Amino acid sequence: MDKRQAIGSWLSGPRAALEDAGADFGYRGEQLGLPEEGPGSIARPGRRLGALAVDWGLCFMIAYSLITDGYRGQTTGNWTLLIFFVMSALTVGTIGVTLGKRIFGLRVVALDTGTVHPGRALLRTVLLCVVLPALIWDRDGRGLHDRLARTVEVRI
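This structure is a prediction, so every number in the text was calculated from the model and none was measured. (Residues numbered from 1 in each chain as written. Predicted model: local features only at pLDDT ≥ 70, side-chain atom pairs only at ≥ 80, totals over all residues. Heavy atoms only, no water.)

**Student:** Explain the overall build of the chain here, please?
**Tutor:** Helix and strand counts for the chain come out as eight helices and two strands. Order of helices (α) and strands (β) in the chain, N terminus to C terminus: α-α-α-α-α-β-α-α-α-β. Across the 156 residues in the chain, those meeting the buried criterion constitute 36%. Nonlocal contacts in the chain, meaning residues at least 24 apart in sequence, comprise 60% of its contacts between residues at least 6 apart. For the chain, the exposed surface amounts to about 9,400 Å²; the carbon and sulfur share of it is 64%. (Helix = DSSP H or I, 4+ residues; strand = E, 2+ residues; numbered from the N terminus. Buried < 20%, exposed > 50% of the residue type's maximum accessible area, 1.4 Å probe, protein only. Contact = heavy atoms within 4.5 Å. Areas by Shrake-Rupley, 256 points an atom, 1.4 Å probe, with all protein chains shown as cover.)

And the structure:
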């Protein structure tokens with residue numbers, strides 16, 4: 001192995017290095033029984049972040065204009081987080097989507113039943129608001145908040 005290959009494997013990550021060595025990981029969602037592409041497949045990170053940005057922006061606009069009356073301090077951020085928590089827990093727990101997820105064509109489903117129980121949605125939302133569990137992903141691209149709530153975010 002020359003230096004270019006060693007640096008290339010470091011830049012592309014351990015998964016790419018193991019795949020180059022012959023390991024077969026399959027596609028994202030294969031272990032969960034989900035299709036590789038199209039409806040029902042695992043949502044890609046770009047869509048998930050876009051939906052999160054839309055939801056957060058909507059909650060920020062509500063907090064900024066209706067509650068804090070244009071005050072740009074920590075108070076607005078706290079109200080935004082509270083509104084995001086309530087909106088996400090209620091909408092994911094009842095219909096499985098938020099406005100941002102619907103715009104980006106995503107849905108949260110439970111692995112065993114298909115519909116998200118409100119308790120699972122509450123757990124998922126609490127962990128999402130803590131942020132750190134959402135940054136830890138498994139090989140299928142699910143965050144720790146989805147794993148603990150036994151849910152998955154899929155394309156519609």
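**Student:** Sorry, what's going on with helix H6 (residues 118–130) here?
**Tutor:** Quick reminder: α-helices carry 3.6 residues per turn. Residues three or four places apart thus point the same way. With 13 residues, H6 extends 18 Å from end C-alpha to end C-alpha; this agrees with the ideal 18 Å at 1.5 Å per step. All of the buried residues in H6 are Arg 120, Ala 121, Arg 124, Thr 125, Leu 127, Leu 128 and Cys 129. Looking one or two places after H6, you find Val 131, whose phi comes out positive at around 80°. (Expected span 1.5 Å × (residues − 1).)

**Student:** Teacher, can you tell me more about the confidence of the model for the chain here?
**Tutor:** Caution applies to low-pLDDT parts of the model: their predicted coordinates are not meant to be read in detail. Residues at a pLDDT of 70 or more form 90% of the chain, whose mean pLDDT is 89. Confidence, expressed as mean pLDDT per element, reaches its minimum in the chain at helix H1 (residues 3–12) with 61 and its maximum at helix H5 (residues 99–103) with 98. (pLDDT = per-residue confidence, 0-100.)

**Student:** Explain the pairing of strand S2 (residues 151–155) to me, please; I cannot follow it from the model alone.
**Tutor:** Within a regular beta strand, the side chains point alternately toward one face of the sheet and then the other, so they alternate between its two faces. Counting buried positions along S2 yields four of five residues, so the element is predominantly enclosed. In the sheet, strand S1 (residues 106–110) pairs with S2 via five bridges, with the strands oriented antiparallel. Opposite Ala 110, over in S2, you have Thr 151 as the bridge partner. (Pairing = 2+ DSSP bridges.)

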